[in-house]
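Analysis of the macromolecular model
Residue strings, one per chain:
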Amino acid sequence: MQKPKWVIEKEQEKRASANATVWLFGLHAVRDALVNPNRERLRLIVTKNAFNKLEAEINAAGITPEVVDPRKFTAPIDPQSVHQGAALEVKPLDWGPLEEACMAADGQVPRVVLLDRVTDPHNVGAILRSAEVFGARAVVSLLRHSAPETGALAKTASGALERQPYLRIRNLADAITTLQQMGYFVLGLDGEAETDIATAVEGKIDRPIALVFGAEGPGLRQKTKETVDMLVKIPYASDFGSLNVSNAAAVALYAVRP
């Protein structure tokens, strides 16, 4: 009996995930990955200058670096990348299941960010940074049609990728439903919504809140709009201008802070 297509695809994804590696680059991203006990580190390439700056972290991590001539930087990354003489090959982080990552810690009123097909790694990196600053439990994105864990994402996140859970799931509507069952009040950010975010959360700040953001341009998909509890907007001073998705996430996280 032939396996269903979805079973085959799931098995292929599992094999690809097991074999996947990521090249992180830049002194900040590499340093944070070296000191992260949950990171599986495979290969480190540094210039002598970068080694001098990272020596303590390299020794603590117990990894033997490949010290190379800066004119012949051999790491397989984009030549235009601002690597600062350091590149580290790692396994992607595993943050566990959604329910576990989004469960409130003791005394905490949790916040979660969900991304609906946000593909730009720079935007996602900036969102991870804001999520860490405002204490979000996790940033949740799609397994497909989203920004994977990459060196560019990690560099933009400025270390937050090592500390801020970044989960990638198969179905966003299912994830929203799961959060709702956990008691989350789920808000979808939509510029055409009638209710502003401050009004929507009035009297609900002590509840778990999840914020859903769509890609710039297309915004939230229709299925996402139908699944969230409410569509809300960030009010603007005029009819002109708009925020990109990473700025909108920062403003919204501030607006719903406990």
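Up top you'll find the structure we're talking about.
In this text the structure is predicted, and so the values were computed from the model without any measurement.

What counts as what
Residues numbered from 1 in each chain as written. Predicted model: local features only at pLDDT ≥ 70, side-chain atom pairs only at ≥ 80, totals over all residues. Heavy atoms only, no water. Pairing = 2+ DSSP bridges. Helix = DSSP H or I, 4+ residues; strand = E, 2+ residues; numbered from the N terminus. Contact = heavy atoms within 4.5 Å. Axes fitted to C-alpha atoms, helices over the stretch in contact; angles between N-to-C directions. Phe/Tyr/Trp six-rings, centres within 6.5 Å; stacked < 30°, edge-to-face > 60°. Buried < 20%, exposed > 50% of the residue type's maximum accessible area, 1.4 Å probe, protein only. Lys NZ or Arg CZ within 6 Å of the ring centre and 35° of its normal. Salt bridge = Lys/Arg side-chain N within 4 Å of Asp/Glu carboxyl O. Patch = residues over 30% accessible without salt bridge, like charges linked within 9 Å, V, L, I, M, F, W, Y side chains within 5 Å. Areas by Shrake-Rupley, 256 points an atom, 1.4 Å probe, with all protein chains shown as cover. Polar contact = N/O pair within 3.5 Å; in protein donor to acceptor, adjacent residues only side chain to side chain.

**A short note on the sheet that holds strand β9 (residues 195-196)**
What the seven strands build is an open sheet, ordered β7-β6-β5-β10-β8-β11-β9; its pairing is parallel. The sheet is open, and its two borders are formed by β7 (166-169) and β9, each paired with just one other strand. Here strand β8 (residues 185-189) pairs with strand β11 (residues 230-233) via three bridges, running parallel. Each residue of the ladder has a partner; that of Gly188, found in β11, is Leu231. Helix-sheet contacts for helix α7 (residues 172-181) involve β5 (111-116), β6 (138-142), β7, β8 and β10 (209-214), and the interaxial angle to β5 is about 165°.

**Some details on the packing of aromatic side chains**
For the coordinates displayed, the defined rule picks out one aromatic pair. Taken together, a centroid distance of 6.1 Å and an interplanar angle of 70° make the contact between Phe134 and Tyr254 edge-to-face. Taken together, the residues Phe134 in the loop between α5 (121-133) and β6 and Tyr254 in helix α10 (residues 245-255) connect sequence positions 120 residues apart. A residue is classified by how much of its surface remains accessible, and Tyr254, at 46% relative accessible area, is partly exposed. The lysine or arginine in question, Arg257, covers the ring of Tyr254, its NZ or CZ lying 3.8 Å from the ring centre.

**Quick notes on the pattern of salt bridges**
For the structure shown, the criterion picks out nine salt bridges. The partner of Arg39 in a salt bridge is Glu162, with the nearest N and O atoms 3.0 Å apart. Highlighted residues: Arg39 in the loop between α2 (27-34) and β2 (41-47) and Glu162 in the loop between α6 (151-157) and β7, separated in sequence by 123 residues. Given a relative accessible area of 4%, Arg39 falls into the buried group. For the salt bridge of Arg71 with Asp69, the shortest nitrogen-to-oxygen distance reads 2.8 Å. One connected set of salt bridges, linked through shared partners, spans Asp32, Glu132 and Arg163.

**Details of the pairing of β2**
Here five bridges tie β2 to strand β4 (residues 86-90), and the two strands are oriented antiparallel to one another. The partner of Arg41 across the bridge, within β4, is Val90. As paired strands, β2 and strand β3 (residues 66-68) are joined by three bridges and run parallel to one another. Looking at the pairing, Thr47 lines up with Val68 of β3.

**Focus: a nonpolar patch on the surface**
A cluster of nonpolar side chains, Tyr236, Leu243 and Val251, forms an exposed patch at the surface whose accessible area comes to about 250 Å². Within the secondary structure layout, Tyr236 lies in the loop between β11 and α10. Here Tyr236 falls in the partly exposed class, since its relative accessible area comes to 43%.

**What to know about the side chain of Asp190**
With respect to the helices and strands, Asp190 occurs in the loop between β8 and β9. One polar contact links Asp190 to Lys225, side chain to side chain, over a distance of 3.3 Å.

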